[in-house]
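Survey of secondary and tertiary structure
If you want the building blocks of each chain, they are given just below.
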Amino acid sequence: MRIVVLAGGIGGARFLRGLKQAAPDADITVIGNTGDDIHLFGLKVCPDLDTVMYTLGDGINEEQGWGRADETFHLKEELAAYGVGPGWFGLGDRDFATHIVRTQMITAGFPLSAVTQALCDRWKPGVRLIPMTDDRVETHVAVELDGERKAVHFQEYWVRLRASVPAEAVVPVGAEQSKPAPGVLEAVAEADVILFPPSNPVVSVGTILAVPGIREAIADAGVPVVGLSPIVGDAPVRGMADKVLAAVGVESTAAAVAEHYGSGLLDGWLVDTVDADAVTRVKAAGILCRAVPLMMSDLDATAQMAREALTLAEEAREA
């Protein structure tokens, strides 16, 4: 079975770990979000790609879900001593090494997709990880700060501001001029199943879909497309997805997110058991729906979520 997964950071990475257990013989291709990418200290940082790579390569900080395990921060402390910022983005010493290697390779002329493959040669994540594009795309958020409307990088909004001010708009800058990275459209065309994990529907999965050609390829793939709701009980399972959903006019409910993707893209949608009342609304939108436990409390629970998604995909195929 060939499975394509559109993944953001922590939620996508943890779901993938469960998917690997649920379908150990599957050929899994992960299309990773690069809209969170940011340039810091002269280095290209790819938070979502690295979170997938570290998580599946057993190098992640399990407690926080991002960054390296057994991390130290001597370099960050030295930079701060020189007055060099930003101090709000916590790059550790081990993590710095990844960004240095990536930046050196890109400077030497290698595209991000080739660099990601080279980095994965070390981590051996057990999936094929492809960035959504080799082109520069960075998500920005329009906010009002100190009485002035301005755009800030998504990382600044998420990490420094902690989404404490309303997001008035979310823009994947550069997406319209980008094109899918090599292998992305081919993977979609050859897939047996396409999954949207419980990643942020606006700034993770949504940004991937903003790359011209990807949404259309998925809609035209002719295979089941199944998503898992990142909203449980009208609130994000993790993070602050409700803040950016509001910016695009979508209510923070499992049913509304399914409608946001739409029946032209989704064939099936899983909601948590606490949102069982949403099943009827989602079905009315032309999307198969089932209520199952969606909390990734441990690996076995996550693997069961993945099995439910694959089962719903089969139902969609036969419908």
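In case you missed it, the structure is sitting above this.
Okay, so let's go over this structure. As the structure is a computational prediction, the values presented were derived from the model and not from experiment.

**Some thoughts on the sheet that holds strand β8 (residues 169–173)**
Read from one edge to the other, the open sheet built from 3 strands follows the order β7-β6-β8, with strand pairing classed as antiparallel. Looking at which strands have only one partner, the edges of the open sheet turn out to be β7 (148–153) and β8. Taking each pair of neighbouring strands and ignoring which way they run, the sheet shows an average axis angle of 30°. Where strand β6 (residues 138–145) meets β8, 5 bridges bridge the pair, whose relative direction is antiparallel. Within β8, the residue paired with H140 across the bridge is V171.

**Here we look at the environment of G222**
Turning to its location among the elements, G222 is positioned in the loop between α9 (214–219) and β10 (225–228). With 31 residues separating them in the primary sequence, G222 and A191 have C-alpha atoms 9.3 Å apart.

**Digging into the packing of helix α2 (residues 47–56) against helix α4 (residues 93–107)**
It is the contact of α2 with α4, at a shortest axis distance of 12 Å, that shows an interaxial angle of 120°. Between α2 and α4, the interaxial angle falls into the category oblique. The hand of the α2/α4 crossing is right-handed. Contacts from D50, M53 and Y54 in α2 reach D95, T98, H99 and R102 in α4. Grouping the constituent residues of the contact of α2 with α4 by class yields 2 nonpolar, 2 polar and 3 charged.

**Things to note about unusual backbone geometry**
Geometrically, the link from G85 to P86 is a cis peptide bond, its omega value of 10° lying close to zero. Among the structural elements, P86 can be located in the loop between α3 (74–81) and α4. Positioned with a positive phi, D70 is a non-glycine residue whose angle comes to about 55°. In this structure, D70 sits in the loop between α2 and α3.

**Re helix α11 (residues 254–261)**
The element α11 is largely enclosed, with a buried count of 6 among its 8 residues. Every buried residue belonging to α11 is among A254, A255, A256, V257, A258 and Y261, and all of these are buried. Once α11 finishes, G262 follows within two positions and takes phi at roughly 90°, a positive value.

**Describing the nonpolar core**
Core analysis: the biggest nonpolar cluster contains 58 residues, and L6, Y157, I194, F196, I218 and W269 have the highest contact counts within it. Among the elements that line this core, the one with the most residues is α11, at 6 residues. Residues F15, W123, V127 and L228 belong to the second largest nonpolar core, which totals 41 residues.

**Digging into the sheet that holds strand β13 (residues 268–271)**
Spatially, 7 strands are ordered β5-β2-β1-β9-β10-β13-β14 in an open sheet, and the strand pairing comes out parallel. In this open sheet, the two strands that pair with only one neighbour each are β5 (128–131) and β14 (288–291). Strand-to-strand twist in this sheet, taken as the mean axis angle between neighbours without regard to direction, amounts to 20°. Pairing geometry for β10 and β13, over 3 bridges, is parallel.

**Re α4**
Spanning 15 residues, α4 covers 21 Å between terminal C-alpha atoms, matching the ideal 21 Å at 1.5 Å per step. Residues of α4 that are buried include every one of D95, F96, T98, H99, R102, T103 and M105, and no others.

**A closer look at the pattern of salt bridges**
A full pass over the atoms with the stated rule returns 12 salt bridges. With its nearest N and O atoms 2.4 Å apart, the salt bridge here joins D50 to R102. Of the two residues, D50 sits in helix α2 while R102 sits in helix α4, which places them 52 residues apart along the sequence. Across the pair, R102 and D50 agree in class, each one buried. Notably, a salt bridge pairs E308 with R290, separated by 3.3 Å at the nearest N-O pair. Placement of the pair is E308 in helix α13 (residues 299–318) and R290 in strand β14, with a sequence separation of 18 residues.

Rules used throughout
- Residues numbered from 1 in each chain as written.
- Predicted model: local features only at pLDDT ≥ 70, side-chain atom pairs only at ≥ 80, totals over all residues.
- Heavy atoms only, no water.
- Pairing = 2+ DSSP bridges.
- Helix = DSSP H or I, 4+ residues; strand = E, 2+ residues; numbered from the N terminus.
- Axes fitted to C-alpha atoms, helices over the stretch in contact; angles between N-to-C directions.
- Parallel < 35°, antiparallel > 145°, perpendicular 65-115°, else oblique.
- Left-handed = near helix turned anticlockwise from the far one by under 90°.
- Contact = heavy atoms within 4.5 Å.
- Nonpolar A, V, L, I, M, F, W, Y, C, P; charged D, E, K, R; others polar.
- Buried < 20%, exposed > 50% of the residue type's maximum accessible area, 1.4 Å probe, protein only.
- Core = buried A, V, L, I, M, F, W, Y, C linked by side-chain atoms within 4.5 Å.
- Expected span 1.5 Å × (residues − 1).
- Salt bridge = Lys/Arg side-chain N within 4 Å of Asp/Glu carboxyl O.

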